[in-house]
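# Structural description and commentary
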Amino acid sequence: MPSDTESAAEAGIQPVRRGEFLGHPRGLAFIVFTEAWERFSFYGMQALLVLYMATYLFQPENIDQVVGIDVLRGGVEGLFGPLTTQAFATQLFGLYIGLIYFMPAFGGLLGDRVLGQKKAVLLGAAFMAAGHFMMAFEPALIFALSALVIGSGLLKGNLAAQVGRLYKPTDQRRDRAFTMYTMSINVGAFIAPLICGTLGELYGWHYGFGVAGIGMLVGIAIYLAGQSYLPADDVGSGRENRPSLQPGDGKAILALIVLFAIATLFWTAQTQVWNTYPLWIRERVDRDLLGLTVPITWFQSLDSLAVLVLGPAVMWFWRNQSRRQVEPGDISKVMLGCIVFGISCAWLASGEYLSGGATLGLIWPAVFHFICAVGYLYVGPIMLALASRAAPPAVNAMMVGAYYLSIFAGGVASGWLGRFYEPLSPGAFWLLHGAVVFSGGALLWLLFRPLCAALGIGRTRQG
């Protein structure tokens, strides 16, 4: 039997050294904890951004101090039409989130072909740290958001791609590794609004943004400490040693592009949880709890807490199905996730229609987050794992990065749909989003067989 080092070398992946991390290569631990701190910084700022812009920075007495804001607003309204202050904030947030997930396609290409994935991650992290600290200065908003967009583009596709390179393509631990990676995102996303959000919402916006920058510096330190456990970059080995596209790779690439397009429908609804949802919470939910008022940003933590609580249960459920050889295939999981997320939007709409115009109790958003967490777990990590497994080696990081184009398009679409929050009733607004994400599940059902054939996968994990 070959040793672990020999098997890893034959598969072209980094050998496992000095033990494992929960049954996985030790490099996964450094990637997971780097991502947790990067997401702490990202979601800490994100939890505040719409509230910061809509209720403070874009108010008439403050907006003129933002450098370049007239040019930016003119460009946004040139694309989307005249916007109220709140609609401008939600649309700008949608564009920002969209660009955050648009740039990894280019960052992945740079990681594959020019910089190497390790250097790309470190350079991206440095840009992100600078962006977070600039957010503490009101005139620098546009420069801060630009630095965050560039940094995220370099970091996201390349860090996620390194997870896949720790495993053979046939290693069934890959799905669980990406689920652990996604869980790390939600650890950071759970803690961040409690710390950054509370500081920003209750004590001063700039305190929250500053702490987010510190979190990014911690992530950089962890990533530097784990360099020897990560897959080696091969950019400097010469073009002749780089993998090239093979006959038949185009079919897999096309199928992945179709999947990414359908996933846009999921992310249109999911991104609204970060965008208009906090404004809905502020206006439509009674936040009194035992004499205290729950901060709006804490609901972003609840969203991540639901994923953390349900994630282990979902992974146990998949392992149990796998033992019985009935675990759904990746496309089936994504289809189910879209349907479940549609149900979560319908739940909010039901609360609105049953309330008769009165504010909703805390039970309605609480249950919403636990339903949509199941949908997220069946879509987010599975799409990443599928892209990593099915993308040809020559463009693997680029295709993993290209998956984020789904979130780009979904973010832009959610920003555009945010304008309908004011003219529509809240119930109709959430029903609209339920229909959008449910249609993604319907399309996957219609295209199930051709997509499986193009990617060489079956109805179940054993198929």
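The structure displayed is predicted, hence computed values, not measured ones.

### Quick notes on the overall build of the protein
Within the protein one finds 17 helices and four strands. Over its C-alpha atoms the protein spans a radius of gyration of 22 Å, differing by no more than 12% from the 23 Å that the globule rule assigns to 463 residues. With the C-alpha coordinates aligned to their principal axes, the bounding extent of the protein is approximately 70 × 45 × 45 Å. With 463 residues in all, the protein has 59% of them scored as buried. Pairs at least 24 residues apart make up 83% of the contacts formed inside the protein by residues separated by at least 6 positions. Counting every atom, the protein has about 17900 Å² of accessible surface; 68% of that belongs to carbon and sulfur. Of the side chains in the protein, 29 bear a positive and 27 a negative charge, and the two mean positions are spaced by 10 Å.

### With respect to the packing of helix H13 (residues 330-355) against helix H14 (residues 363-390)
In the contact formed by H13 and H14, the axes pass within 8 Å of each other and the chain directions differ by 160°. Between H13 and H14, the angle is such that the two are roughly antiparallel. Judged by the twist between their axes, the crossing of H13 over H14 is left-handed.

### Some details on the packing of helix H8 (residues 173-203) against helix H9 (residues 205-225)
Remark: H8 packs on H9, axes separated minimally by 6 Å, with the N-to-C direction vectors making an angle of 160°. Judged by the angle between their axes, H8 and H9 are roughly antiparallel. The crossing of H8 and H9 is right-handed. Residues Ile-195, Cys-196, Leu-199, Gly-200 and Tyr-203 of H8 form the contact with H9, whose participating residues are Trp-205, Tyr-207, Gly-208, Val-211 and Ala-212. Class assignment for the residues of the contact of H8 with H9 results in eight nonpolar, two polar and no charged.

### Quick look at the packing of aromatic side chains
In total, this model carries 26 aromatic pairs according to the counting rule given. Plain terms: the ring middles of Trp-318 and Tyr-378 are 5.3 Å apart, the flat faces sit at 80° to each other, and that makes the pair edge-to-face. Placement of Trp-318 in helix H12 (residues 298-323) and of Tyr-378 in helix H14 is noted, with a sequence separation of 60 residues between them. Take Tyr-378: its relative accessible area is 10%, and that puts it in the buried class.

### Some words on the environment of Ser-152
Note on placement: Ser-152 falls in helix H7 (residues 141-164). Separated by 53 residues in sequence, Ser-152 and Leu-99 have C-alpha atoms that sit 9.1 Å apart. Each residue touching Ser-152, except ones within four places of it in the same chain, is listed here: Ile-100, Pro-104 and Met-128.

### Overview of the environment of Leu-354
As for its placement among the helices and strands, Leu-354 is situated in helix H13. We classify Leu-354 as exposed; its relative accessible area is 68%. Remark: the alpha-carbon pair of Leu-354 and Gly-427, spanning 73 residues in sequence, is separated by 9.6 Å.

### Comments concerning helix H16 (residues 426-446)
In this model, H16 (21 residues) spans 31 Å end to end at C-alpha, consistent with the 30 Å of a helix rising 1.5 Å per residue. Buried residues of H16: Gly-427, Phe-429, Trp-430, His-433, Gly-434, Val-436, Val-437, Gly-440, Gly-441 and Leu-444, and no others.

### Topic: the side chain of Gln-86
Mapped onto the fold, Gln-86 is located in helix H4 (residues 85-102). What Gln-86 contacts, discounting residues up to four positions off in sequence, is Leu-279, Arg-282, Glu-283, Tyr-421 and Glu-422.

### Description of the nonpolar core
Counting residues in hydrophobic clusters, the biggest one holds 133 residues, and the most contacted among them are Phe-58, Tyr-96 and Met-135. Look past the residues within four positions of Met-135 in its chain and what remains in contact with it is Met-45, Leu-49, Tyr-52, Leu-141, Ala-144, Leu-145, Leu-148, His-206 and Phe-209.

### Here we look at H13
Helix length check: H13, at 26 residues, gives a terminal C-alpha distance of 38 Å against a target of 38 Å (1.5 Å per residue), a fit within 8%. A positive phi of about 65° marks Gly-356, the residue just after H13.

### Here's the deal with the confidence of the model for the protein
When pLDDT is averaged across the protein, the result is 85; 91% of the residues are at 70 or more. For the stretch residues 1-18, pLDDT sits under 50, and the model shows 25 contacts to residues farther than four places along the chain or on other chains.

### Points about the pattern of salt bridges
For the coordinates displayed, the defined rule picks out eight salt bridges. With a shortest N-O distance of 3.9 Å, Lys-156 and Glu-35 are connected by a salt bridge. In this pair, Lys-156 sits in helix H7 while Glu-35 sits in helix H2 (residues 27-57), placing the two residues 121 residues apart along the sequence. The pair formed by Lys-156 and Glu-35 is uniform in burial state, with each residue classed as buried. Between Glu-283 and Arg-282 there is a salt bridge; the shortest N-O distance is 3.4 Å. Looking at Arg-282, the relative accessible area reads 33%, which means it is partly exposed. One connected set of salt bridges, linked through shared partners, spans Glu-35, Glu-38, Arg-39 and Lys-156.

### Things to note about the side chain of Ser-344
Along the chain, the position of Ser-344 falls in helix H13. On the accessibility criterion, Ser-344 (0% relative accessible area) is buried. Non-local contacts of Ser-344, meaning those with residues more than four positions away in its chain, are made with Phe-368, Ile-371 and Cys-372.

How each quantity is defined
- Residues numbered from 1 in each chain as written.
- Predicted model: local features only at pLDDT ≥ 70, side-chain atom pairs only at ≥ 80, totals over all residues.
- Heavy atoms only, no water.
- Helix = DSSP H or I, 4+ residues; strand = E, 2+ residues; numbered from the N terminus.
- Rg over C-alpha atoms; globule rule 2.2 N^0.38 Å.
- Buried < 20%, exposed > 50% of the residue type's maximum accessible area, 1.4 Å probe, protein only.
- Contact = heavy atoms within 4.5 Å.
- Areas by Shrake-Rupley, 256 points an atom, 1.4 Å probe, with all protein chains shown as cover.
- Lys, Arg positive; Asp, Glu negative; His and termini not counted.
- Charge placed at Lys NZ, Arg CZ, Asp CG, Glu CD.
- Axes fitted to C-alpha atoms, helices over the stretch in contact; angles between N-to-C directions.
- Parallel < 35°, antiparallel > 145°, perpendicular 65-115°, else oblique.
- Left-handed = near helix turned anticlockwise from the far one by under 90°.
- Nonpolar A, V, L, I, M, F, W, Y, C, P; charged D, E, K, R; others polar.
- Phe/Tyr/Trp six-rings, centres within 6.5 Å; stacked < 30°, edge-to-face > 60°.
- Expected span 1.5 Å × (residues − 1).
- Core = buried A, V, L, I, M, F, W, Y, C linked by side-chain atoms within 4.5 Å.
- pLDDT = per-residue confidence, 0-100.
- Salt bridge = Lys/Arg side-chain N within 4 Å of Asp/Glu carboxyl O.

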